[in-house]
Amino acid sequence: MDREYVTDKIRRSMGRRILTDEEVSGWWIIGGIVTFGLLFLLLFLKLIHRRNEHFKRQKMLEEQIIELVGIDLKDKKMLADLKAIHNEGYESGEFKDLSFLRIIPAIITLGLYIEWRLTKDLMIHAERQRRFFSCYLGRELEDTTPQRPTGKYLGLGVVTLGLFGIYWTNLIIKDSNEHFKDQWKLEDLLPEAGMEIDEGVDPDFYKNIILTTVDKFLNWGRTCSVWPMAFGTACCAMEMMATFASRNDMDRYGMIFRNSPRQADVLIVAGTITQKMAPRLRRLYDQMAEPKYVIAMGACAMTGGPFVNSYSVLKGVDKVIPVDIYLPGCPPRPEALLNAFLQLQERMKEERTVTKKFERWILKDRKEVVT
Amino acid sequence: MSEELLNEFPHVVKSEDGLLLVEADQIIEVCTFLKNKGFDFLEAISGADFEEYLEVIYNIASYSKPDRVMLTVRISKDNPILPTVTSLWHGANWHEREAYDMFGIKFKGHPKLARILLPDSWDGYPLLKSYPLDKEQKVELEDETGVEICQI
Amino acid sequence: MSDIRKVVEIPINMGPAHPATHGVLRLRLKLEGEIVREVDPVIGYLHRGIEKLAESLTYPQFIPYTDRLDYAGSMLNNLGYVKAVEELLGIEVPERAEYLRVMTTELSRIASHLVWLSAWGLDLGAMAPFFYCFREREEILNIFEMLCGARITFSYMRIGGVSKDMPEGFADRLQNFLDIFPEKLSEYETILTENEIFLARTVGVGILPKEDAIDYGVTGPIARASGLEYDTRKIEPYSIYDRFDFRIPVEHGCDVYSRYLIRVEEMKQSMKIVQQALDKIPEGEIMAKVPKKIKPEPGRVYSRVEGSKGELGFLIISDGSDKPYRLRIRSPAYSNVAALPVMCENAKIADVVATVGSLDICLGEMDR
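The numbering scheme is per chain: residues are counted from 1 as the chain's sequence reads. Lettering of chains starts at A and numbering of ligands starts at 1, both following the order in which they are written. Owing to the predicted nature of the model, reporting of local features is limited to residues with pLDDT of at least 70; listing and counting of side-chain atom pairs is limited to 80 or more, with chain, interface and lining totals taken over all residues. Processing note: side-chain calculations cover all non-hydrogen atoms of the structure and skip hydrogens and water entirely.

Novice: Provide a residue-level description of the overall build of chain C, including the pertinent values.
Specialist: Counting from the N terminus, the helices are DSSP H or I runs at least four residues long and the strands are E runs at least two residues long. Regarding its fold elements, chain C presents 15 helices and eight strands. Projected onto the principal axes, the alpha-carbon positions of chain C cover approximately 85 × 50 × 35 Å. Think of it in three bands: residues with accessible area under 20% of the maximum for their type are buried, residues over 50% are exposed, and the middle band is partly exposed, with areas taken using a 1.4 Å probe on protein chains only. Taking all 368 residues of chain C together, 67% fall into the buried category. When checking whether two residues touch, look at their non-hydrogen atoms; a contact exists if any pair is within 4.5 Å. For chain C, contacts bridging at least 24 residues in sequence account for 72% of all contacts bridging at least 6. Areas reported as accessible are Shrake-Rupley estimates using a 1.4 Å probe. Residue values count occlusion only from the protein chains shown. About 12,400 Å² of surface is accessible on chain C, with carbon and sulfur atoms providing 51% of the total. Treating the 45 positive side-chain charges of chain C as one cloud and the 55 negative ones as another, the clouds have centres 5 Å apart. None of His or the chain ends enter the tally, which takes Lys and Arg as positive and Asp and Glu as negative. Charge placement uses NZ in Lys and CZ in Arg. For Asp and Glu, CG and CD serve respectively.

Novice: Before we move on, can you summarise the interface of chain B and chain C with the specific residues and values?
Specialist: With 47 residues of chain B at the contact, the number on the chain C side is 43 residues. Two parts placed together each lose some accessible area under a 1.4 Å probe, and adding up what both lose gives the buried area. Around 3,700 Å² of area is buried between chain B and chain C when both sides are counted, 54% of it from carbon and sulfur atoms. Basic side-chain nitrogens of Lys or Arg form a salt bridge, by our definition, when they fall within 4 Å of a carboxyl oxygen of Asp or Glu. Notably, a salt bridge pairs E43 of chain B with R304 of chain C, separated by 2.8 Å at the nearest N-O pair. Polar contact criterion, stated in full: a pair of N or O atoms within 3.5 Å, where within protein one must be able to donate a hydrogen and the other to accept it, and residues adjacent in sequence count only if both atoms are side-chain atoms. Scanning the region where chain B abuts chain C turns up 21 residue pairs in polar contact (both at pLDDT 80 or more). Elements represented by at least two residues in the side of chain B that touches chain C include exactly β3 (41–49), β4 (53–61), β5 (68–76) and α3 (92–103) of chain B. Per-element accounting of the side of chain B that touches chain C gives the leading share, nine residues, to β3 of chain B.

Novice: Any details on the layout of surface pockets? Residues and values, ideally.
Specialist: Residues and elements named next belong to chain A. By volume, the second largest pocket is sized at about 1,300 Å³. A 1.4 Å probe that fits but cannot get out identifies a cavity on a 1 Å grid over protein atoms alone, an open set with protein on both sides within 12 Å along at least five of seven lines counts as a pocket, and a residue lines either if it has an atom within 4 Å of a point. As for the second largest pocket, its lining consists of 32 residues, and the residues nearest its centre are G32, I33, F36, G37 and I107. Those elements giving two or more residues to the lining of the second largest pocket turn out to be α3 (27–72), α5 (104–137) and α7 (163–189). Under the grouping applied here, Gly and all other residues not named as nonpolar or charged are polar, the nonpolar ones being Ala, Val, Leu, Ile, Met, Phe, Trp, Tyr, Cys and Pro and the charged ones Asp, Glu, Lys and Arg. Looking at the lining of the second largest pocket residue by residue, the class counts come to 25 nonpolar, six polar and one charged. Grid points are joined across faces, edges and corners, and a volume is the space filled by probe spheres set on the points.

Novice: Can you tell me about the interface of chain A and chain C, naming the residues and giving the values?
Specialist: It is common to give the size of an interface as the accessible area lost on bringing the parts into contact. Every contact between the two is made by 32 residues of chain A and, on the other side, 35 residues of chain C. Buried area between chain A and chain C, both sides added, is near 2,900 Å², and the carbon and sulfur share of it is 64%. On the chain A side of the contact with chain C, M238, R247 and F307 of chain A bury the most area, a combined 20% of that side's loss. Linking R151 of chain C and E239 of chain A is a salt bridge whose minimum nitrogen-to-oxygen distance equals 2.8 Å.

Novice: Now, about the nonpolar core: what can you tell me, with residues and values included?
Specialist: By nonpolar core is meant a set of buried Ala, Val, Leu, Ile, Met, Phe, Trp, Tyr and Cys residues that side-chain atoms within 4.5 Å join together. Counting residues in hydrophobic clusters, the biggest one holds 204 residues, and the most contacted among them are L267 and V269 of chain A, Y58 and L71 of chain B together with Y81 and M103 of chain C. The contacts of L71 of chain B, once residues within four sequence positions are left out, are L5, L20, V22, I27, V30, C31, L34, V56, I57, Y58 and I60 of chain B. Within the second largest apolar cluster, 20 residues are counted, among which are I268, M297, L337 and F341 of chain A.

Novice: Describe the packing of aromatic side chains, and please don't skip the residues or the numbers.
Specialist: Note on ring pairs: Phe, Tyr and Trp rings are taken, using the six-membered ring of Trp, and paired if centres are within 6.5 Å. Classes follow the plane angle, with under 30 degrees stacked, over 60 edge-to-face and the rest tilted. For the coordinates displayed, the defined rule picks out 36 aromatic pairs over all chains. Taking the centre distance of 5.1 Å and the plane angle of 25 degrees together, the rings of F50 of chain B and Y325 of chain C count as stacked. Here the residue F50 of chain B occupies a position in the loop between β3 and β4, and Y325 of chain C occupies one in the loop between β7 (311–318) and β8 (326–330), the pair thus bridging two chains. Of the two residues, F50 of chain B and Y325 of chain C, neither departs from the other in class, the shared state being buried. Centre to centre, the rings of W120 of chain C and F198 of chain C are 5.7 Å apart; their planes meet at 80 degrees, and the pair counts as edge-to-face. Pair noted here: W120 of chain C is in helix α4 (residues 95–123) and F198 of chain C is in helix α7 (residues 196–202), with a separation of 78 residues, a long-range link. Accessibility assignment for this pair places W120 of chain C and F198 of chain C in one class, buried. A network of ring pairs unites the aromatic residues F307 of chain A together with F62, Y65, Y81 and F314 of chain C as a single cluster. When the NZ atom of lysine or the CZ atom of arginine is within 6 Å of a ring's centre and also within 35 degrees of its normal, the charge is said to sit over that ring. The side chain of K292 of chain A reaches across the aromatic face of Y285 of chain A, ending 4.3 Å from its centre. For R368 of chain C, the ring lying beneath its charged end belongs to Y334 of chain C, and the centroid distance is 5.1 Å.

Shape descriptors only; they carry no functional weight alone.
And the structure:
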């Protein structure tokens, strides 16, 4: 393997830390208690109260009707029946307003379990990672992640009826944040240090909770309806058709063929591209709406394949258009194309269109201020 | 069938390796003769490049009997011109265009002698032995729009 | 007073990336309203220079390239090429290999026609045949995969025989397919053959008279739909086709509907051939004695087989070395598409789609 290529991949992985190692603020705890806890408390109270009120009214109504029937005293059998039905009582017995609080112990148990696992995992992970990097760098690194006595905390949590859990959550947030910071420092120490990220991206933007949430929502929509453009030129088109036909039905992933580039998200270049075809391919790509992706399907689209020596064949479509996924095979099987799509979905989940747009807008503003 | 052809046309000769050699200016007459004899199916017209000369090979068969004839016309490399047979078979049109596209063989009287498989801006004739396999070509978006999109 | 309804001629470009052109065929149309006045097919968008590449490859090395000619039915190209080289060398192929060749090529023909039926159905707006046909095609591909490990590009044939013998369980699986396929075929026919909409779109559309078919050198199902009883398997039986009982369907409708009927009937006849071959296949060798280095004597040969699209010919000129001096492929679709302007004369634009689809073009083979 080419060393430079692998180094490049390492840098890409480092660049991804902006997306993965999210710093979480301690305010989340208070936010969680205030919003989630109080809202549900109110809602439950309201629901139970409503129920009780309704039952009370119905009970009164029934009693009044029985009274009326008693006054008339015409049909004794009906009176007896009504009384019997009435005395069956409440639907599921009494429900005092605050009795639902019984669920709290369960929530506390679950919460304590989650906290216990998170703490323990982080400690094991940090220790293993320290050993890994020590081995790679050839010197002993110091252990920076604090050791927490998980068993003791668990006991404390139970004794204090979960109140300790709130403090514990705070600890987890703090520990993780510090672990990320330490690791970033450590990564910068490596000889291959350097981040491969999009040009001009300010990492601060990736922490913006509103922008990232909007992006995630958009990405969810995009990954669930990837519409490829049917662009089959040669043998690979047969396998592409087979992928979308009955056996390997791609519709179940929300992928439907579009014949117009303006409605498509993905361009599958299935087959050999000749020099006569290359400008057309470029034009089709230009007609697609952003964000767009390209799958180079088969050896011909990747490099020219068996026809690489020919005078009229383009040696790889990446000479004309940018390619996201290279799919080898001559031709690749339908399963391989399916896998390529699933990989593309992973790739699409990292898209940050709104963030980038916002950032470009801000940067443009700044530039104007400077000039 | 070849015996009949040799008797009819004294200029048609049988070479040592069994090829029926036809003079370039006689090809229409020979083909007309064959067509009248029931050889109504023009399978292919192919070019071939030999060191001293170019060859045009006519494969003529019949829709009703299993007989086949292969005619060979030898033309000089400097002046590769021979008459077209599109007046006999419309199907010859594309085959002759391909021979022009790949070898630069010109067919006199052809209705539209232009490149067919390669772009119009192509330089050289790729199936000639002198054409290098990896010769680089500059391709731009052709005709109608006139807008250049990309270069390779 | 001038007629305000007079329509000017509008040039329209169809393709090379158009769903109804089955690849990268491009048509330059001149329209007068909805009537097509002129059709000019532009080809070559998939010209890969296979003929030039062949001159730099040895004879066996070229076999995989034949797979990529007509990729819908690769076995037929395999056979066409190895048969030409065998004729050049004068090799006798063993009996068992001949039977295997006939079986695989006929299955390939069915697979190719299934692709055509599904794609043409889509062109005409019938979605269901696409899914039905691919269901059966997948089964054929599975059978091929069992035999040679590939789904589309087989390279199964060798000069002097075939590469692999039938594996265990192959015959049962093939028999199973032959048993269920007629039922499925009648299913397609239920959807299409007597369907009002289908008839309205196909009958009397894309007429190619017999004289024009001869004039353009049209072969295959299109020629047979124009009343020409021409099939290389019958007129000049190659391999062992003279031993089987099958008939060549001929229609005189000359339209796209006749081409549909021909292809459906051909599938039935191919099945009949496969059944006979499977029943009669003898034991024995699958490869003839072939020299290690294949070096034919100087000479030339033109060999033809009946491909799924028409007559597929290979012209090989040998100069005595281990590489062909010149290899020319006579592709059926090339001649068939040349006749497209005749079929589309004064047709409606929607009928152009139906006509192009009925040609069953395969650009890999056409542009080579």
